[in-house]
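Summary of structural features
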Amino acid sequence: MKWIHAEHNAQEIPPSDANKRLGPYITISREAGAGGSELAQRVAEKLQWDLLDQQIVDYMEQQYGTPRCLIQRVDEKHESWLSEILTSRIGGLGFSESTFTHRVSKLVLLAASHGNVVIVGRGAKYILPPQQGVSVRVVAPLKLRIQRVMSERHLSEREARHWVLNRDRQRRNYIREHFRQDESDPHLYDLVLNVGIVSLDEAADIIIDSSRRLTDRFTESTVH
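Remember, it's a predicted structure, so these values are computed and weren't measured experimentally.

Looking at the packing of helix H9 (residues 142–153) against helix H10 (residues 157–179)
One can describe the packing of H9 onto H10 by two numbers: an axis separation of 8 Å at closest approach and a directional angle of 110°. The orientation of H9 relative to H10 falls into the category roughly perpendicular. In this structure, H9 crosses over H10, and the sense of that crossing is right-handed. On H10, the residues that touch Leu142, Arg145, Ile146, Val149, Met150 and Arg153 of H9 are Glu157, Ala160, Arg161, Trp163, Val164, Leu165 and Asp168. Here the contact of H9 with H10 is built from residues that sort into eight nonpolar, no polar and five charged.

This is how it looks when you write it as structure tokens:
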């Protein structure tokens, strides 16, 4: 809401100022159970930046009046055509997976236009210009991810394994369907971190340091 109010005020700003570049921002893509959301929160707190993660779901519910259960059906998930028809009918005319993605894209661009924001998932890395922020991929060994999910969600090992693999598949299909990219490709990111060999605090410090270095380098190249 802070960004929306700022946008209303910005209508009185001269065009030369209103068209400032996006960023700085950090986008975080993550394997299921790798602790990407917790890591993003630590990075945002250390930098004193805004965080955009589950806040996306909160915003969609408040701004558009879409039931939370329907938003969660399509949040980083690619439904079958039959499921999408069902979701659209329950949610009302005009609500679909594609509609949700479009609304998320608008919110991501709004957030990046104000800068100093950490954005988790939702294809943000593919929406924003790569030179004006830092993209991070967070990974961890499958065994560690299963153990984390067992602890956090109080699941059996079998249930946790199913949850992790299913969530990875859903996110992978969502990105492939809407952005035509393979989110597991390490070449797409500025930084890939294995939190199986570093702690979340150490990972947060690495991201912050890398972000500052890459942002400074981009700023210098723009000036020259």
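A few points about the sheet that holds strand E4 (residues 134–139)
Two strands in a sheet stick together by hydrogen bonds in their backbones, pointing the same way (parallel) or opposite ways (antiparallel). Taken in spatial order, the five strands make up an open sheet running E2-E3-E1-E4-E5, and their pairing is parallel. This sheet does not close on itself; its edge strands, each paired only once, are strand E2 (50–52) and strand E5 (191–194). Neighbouring strand axes in the sheet, compared pairwise and without regard to direction, differ in orientation by 20° on average. Looking at chain direction, E2 and strand E3 (residues 117–120) are connected through three bridges and run parallel. By the bridge assignment for E3, Asp50 is matched with Val117.

Some points on the pairing of E4
The buried count for E4 comes to six of six residues, which makes it a mostly enclosed element. Neither face of E4 is open: one carries Val134, Val136 and Val138, the other Ser135, Arg137 and Val139, and all of them are buried. Inspection of the sheet shows strand E1 (residues 25–30) paired to E4 by five bridges, in the parallel sense. Bridge pairing in E4 places Ile28 opposite Val136. When E4 meets E5, the two strands line up parallel, connected through four bridges.

A look at helix H3 (residues 36–47)
Residues spaced three or four apart along an α-helix face the same direction, because each turn holds 3.6 residues. Between its first and last C-alpha, H3 extends 16 Å over twelve residues, near the 16 Å set by a 1.5 Å rise per residue. All of the buried residues in H3 are Gly36, Leu39, Ala40, Val43, Ala44 and Leu47. Take H3 and look down its axis: the buried residues cluster within an arc of 135°, on one side only. At the C-terminal side of H3, Gln48 shows a positive phi close to 60°.

Re the confidence of the model for the chain
On average, the chain scores 85 in pLDDT, and the residues at 70 or more come to 80%. Between residues 12–19, whose pLDDT stays under 50, and residues either more than four places distant or in other chains, the model counts one contact.

Quick word on the layout of surface pockets
Taken as a whole, the largest pocket spans an internal volume of roughly 560 Å³. Around the largest pocket sit 25 residues that line it, and Ser37, Arg153, Trp163, Arg167 and Arg171 are the ones nearest its centre. Breaking the lining of the largest pocket down by element, the ones donating at least two residues are H3, H9 and H10. The element contributing the most residues to the lining of the largest pocket is H10, with five residues. Among the residues forming the lining of the largest pocket, the class breakdown is four nonpolar, eight polar and 13 charged.

A look at the environment of Arg180
Its location among the elements puts Arg180 in the loop between H10 and E5. With 54 residues separating them along the chain, Arg180 and Tyr126 place their C-alpha atoms 9.5 Å apart.

Here we look at the pairing of E3
Here E3 shows two buried faces, one formed by Val117 and Ile119 and the other by Val118 and Val120. For E1 and E3, the ladder comprises four bridges, and the chain directions are parallel. Within E3, the position partnered with Ile28 by the bridge is Val120.

Considering the packing of aromatic side chains
Overall, the coordinates contain three aromatic pairs when judged by the stated rule. For the pair Tyr174 and Phe179, a centre-to-centre distance of 6.4 Å together with 70° between the ring planes defines the contact as edge-to-face. Using a relative accessible area of 1% as the deciding quantity, one classes Tyr174 as buried. Grouped by ring-pair contacts, the aromatic residues Tyr126, Tyr174 and Phe179 constitute a single cluster. The ring of Tyr64 carries the charged tip of Arg103 above its face, separated from the ring centre by 3.9 Å.

Conventions adopted
- Residues numbered from 1 in each chain as written.
- Predicted model: local features only at pLDDT ≥ 70, side-chain atom pairs only at ≥ 80, totals over all residues.
- Heavy atoms only, no water.
- Axes fitted to C-alpha atoms, helices over the stretch in contact; angles between N-to-C directions.
- Helix = DSSP H or I, 4+ residues; strand = E, 2+ residues; numbered from the N terminus.
- Parallel < 35°, antiparallel > 145°, perpendicular 65-115°, else oblique.
- Left-handed = near helix turned anticlockwise from the far one by under 90°.
- Contact = heavy atoms within 4.5 Å.
- Nonpolar A, V, L, I, M, F, W, Y, C, P; charged D, E, K, R; others polar.
- Pairing = 2+ DSSP bridges.
- Buried < 20%, exposed > 50% of the residue type's maximum accessible area, 1.4 Å probe, protein only.
- Expected span 1.5 Å × (residues − 1).
- Arc of directions from axis to C-beta.
- pLDDT = per-residue confidence, 0-100.
- 1 Å grid on protein atoms, 1.4 Å probe; cavity = no way out; pocket = protein on both sides within 12 Å on 5 of 7 lines; lining within 4 Å.
- Points joined across faces, edges and corners; volume = space filled by probe spheres on them.
- Phe/Tyr/Trp six-rings, centres within 6.5 Å; stacked < 30°, edge-to-face > 60°.
- Lys NZ or Arg CZ within 6 Å of the ring centre and 35° of its normal.

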